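Residue-level structural notes
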Amino acid sequence: MSAVPASSLPVSTPARGSSVGRVLALGVACAVALAVGGLFMPKWLTFLITMAAANGLVSLGIVVLMRGGVVPFGQGMVFAVGGYTAALAFNKLGVTDALVLAVMGGVLATLVAAPFAPLLSRYRGIFFAMLTLALSMVTYGLLMKLDVLGGSDGFNIGRPTLFGQSLPDARVGYIIYVLTVLLATAMALLARVYFDSTRGLITLAVRENELRVEYLGGSVRQAMAINFVLAAFSGGVGGALAVMALGHIDPNFSYWTTSGEFVFVAILAGWHSIAAVFVASTVLEVVRSFSSSYFPNTWQLALGLFLLFVIRFLPKGIGSLWVKEHTR
Amino acid sequence: VIIVSFAVVIIGGLGSIPGAAVGALIVGLARSLAVHTAPVAELFSIYIVMAIVLMFRPEGLFQRTQARKI
């Protein structure tokens, strides 16, 4: 892979070195601002942002793949695997540390997704989307039928601890919120590092022209497989965090409408900016909770109209509001 | 419904009308067979069939292979 220096790829990287510190500072500042701001937020808002950040991690995985030109329609699978791992580890293994549960969710989702990565890396476009969808629906079917895993009702998960401390009633929501925000920031910064690395840039080149990448000595399938595995890790962490915030898990985590929501957020955000993923995820949660309280039966309508407007006026997603176009 | 019809089109090959017909037949038969023999698998029988077809014919059954353009 090192045979292809980043400078030979059809993507210009203007002065990344100086912007690394800026991005890092910006990310940390955002996380700290959200964490401190959470002290003054009402409970519904911290919960909403917690869910938005957890779901945003899954959409971040989709964006990782979207940069290579494929859209997975089955990220519900890794979301569910991460969630079930955290919930089962809590209930059956007695692991209660929130951070450990989140990482376990990510690792197990990676392990489940990894065998499929080489297979899926052959496919593009709708074939990739449908195969990932197939995986997530098979997972859904299995989770529905296995009574050991709670069947169609799912099961509850108790209250996690953090660093050996039990969380008091009044603060538990806030602490899970801070943990989720910090983990999401860490993952976002790591994603930025990955996107700017040689392999991350090869992914962008794959999107432009696969054949040229192969002639230049890069492996398209390897890049795709690695992206898929990374996306699985991100999704698994997101699932584990979501289940800790919700306190309940059921097979709907893996259903295709859930996957559809993640794709919705990723398309809304576009693949140019990572911050946009979390912004879009928050927007989705806000639109959903407000429209389901004001027009209970037509919130999908509001969401659909919103997506139509974004596609019409910002075809490259929310991220194009503040990211300048480097590629053609 | 939309997912099932996508599966049909994928199995047959995008843009192929006979493919869609054959795909619909395959999906329908697979689903009925699943209901008859193993009701547990009814939910994901379509996806399994689709995955198997795509494993051997990545472009669907009735798609001609095309030369890649540079």
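The structure this text deals with has already been given above.
These notes cover the structure that comes with them. (Residues numbered from 1 in each chain as written. Chains lettered and ligands numbered in written order. Predicted model: local features only at pLDDT ≥ 70, side-chain atom pairs only at ≥ 80, totals over all residues. Heavy atoms only, no water.)

**Examining the overall build of chain A**
- Scanning chain A from terminus to terminus reveals 13 helices and 4 strands.
- Relative to the compact-globule value of 20 Å for 328 residues, chain A shows a C-alpha radius of gyration of 19 Å, a close match.
- Dimensions of chain A, computed from C-alpha atoms along their principal axes, come out at roughly 55 × 45 × 45 Å.
- When burial is assessed residue by residue, chain A has 53% of its 328 residues classed as buried.
- Long-range pairs, those at least 24 residues apart, make up 82% of the contacts in chain A between residues at least 6 apart in sequence.
- Surface exposure of chain A reaches about 14,300 Å², of which carbon and sulfur atoms provide 68%.
- Of the charged side chains in chain A, 20 are positive and 12 negative, and the gap between their average positions amounts to 9 Å. (Helix = DSSP H or I, 4+ residues; strand = E, 2+ residues; numbered from the N terminus. Rg over C-alpha atoms; globule rule 2.2 N^0.38 Å. Buried < 20%, exposed > 50% of the residue type's maximum accessible area, 1.4 Å probe, protein only. Contact = heavy atoms within 4.5 Å. Areas by Shrake-Rupley, 256 points an atom, 1.4 Å probe, with all protein chains shown as cover. Lys, Arg positive; Asp, Glu negative; His and termini not counted. Charge placed at Lys NZ, Arg CZ, Asp CG, Glu CD.)

**Observations regarding the nonpolar core**
- Among the nonpolar cores identified, the biggest contains 66 residues, and L57, L241 and M244 of chain A are the most heavily contacted of them.
- Beyond its immediate sequence surroundings of up to four residues, L241 of chain A is in contact with A54, L57, A102, L179, T180 and L183 of chain A.
- Of all hydrophobic cores here, the second largest spans 45 residues; its members include A109 and M224 of chain A together with I10 and L54 of chain B. (Core = buried A, V, L, I, M, F, W, Y, C linked by side-chain atoms within 4.5 Å.)

**Looking at the interface of chain B and chain A**
- On the chain A side, the residues contacting the 21 residues of chain B number 22 residues.
- For the pair chain B and chain A, the number of links is 0 salt bridges.
- Where the side of chain B that touches chain A is concerned, the elements lending two or more residues are α1 (2-12) and α3 (42-56) of chain B.
- Counting residues per element, the side of chain B that touches chain A draws most heavily on α3 of chain B, at 8 residues.
- When its residues are assigned to classes, the side of chain B that touches chain A shows 17 nonpolar, 1 polar and 3 charged. (Salt bridge = Lys/Arg side-chain N within 4 Å of Asp/Glu carboxyl O. Nonpolar A, V, L, I, M, F, W, Y, C, P; charged D, E, K, R; others polar.)

**Re a nonpolar patch on the surface**
- Taken together, the side chains of L24, V28, V32, V36, L39 and F40 of chain A present a nonpolar region at the surface, about 580 Å² in accessible area.
- By secondary structure assignment, the location of V28 of chain A is in helix α1 (residues 16-37). (Patch = residues over 30% accessible without salt bridge, like charges linked within 9 Å, V, L, I, M, F, W, Y side chains within 5 Å.)

**Looking at the packing of helix α7 (residues 172-196) of chain A against helix α10 (residues 220-246) of chain A**
Residues and elements named next belong to chain A.
- Interaxial distance between α7 and α10 falls to 10 Å at its minimum, and their mutual angle equals 170 degrees. One finds that α7 runs roughly antiparallel with respect to α10. Here I176, L179, T180, L183, M187 and Y194 of α7 lie close against α10, whose contacting residues are I226, N227, L230, F233, S234, V237, L241, M244 and A245.
- Taken together, the residues that form the contact of α7 with α10 break down as 12 nonpolar, 3 polar and no charged. (Axes fitted to C-alpha atoms, helices over the stretch in contact; angles between N-to-C directions. Parallel < 35°, antiparallel > 145°, perpendicular 65-115°, else oblique.)

**A few points about the environment of V78 of chain A**
All names here are of chain A.
- Note that V78 resides in helix α3 (residues 76-93).
- Each C-alpha atom, one on V78 and one on G61, is 9.9 Å from the other, the two residues being 17 residues apart in sequence.
- Residues in contact with V78, not counting those within four places in the same chain, are A109, A113, A232, G235 and G236.

**Some remarks on the pattern of salt bridges**
Residues and elements named next belong to chain A.
- As enumerated under the stated definition, the model contains 4 salt bridges over all chains in all.
- Put simply, R192 and D196 hold a salt bridge, and the shortest N to O gap is 3.2 Å. One end of the pair, R192, and the other, D196, are both in helix α7, 4 residues apart, so they sit about a helical turn from each other.
- By relative accessible area, which is 27% here, D196 ends up partly exposed.
- As a salt-bridge pair, R288 and E261 come within 2.9 Å of each other at their nearest N and O atoms. Residue R288 is located in helix α12 (residues 275-294), and its partner E261 is located in helix α11 (residues 256-269); the two are separated by 27 residues in the primary sequence.
- By relative accessible area, R288 is classed as buried at 19%.
- A relative accessible area of 23% means that E261 is categorised as partly exposed.

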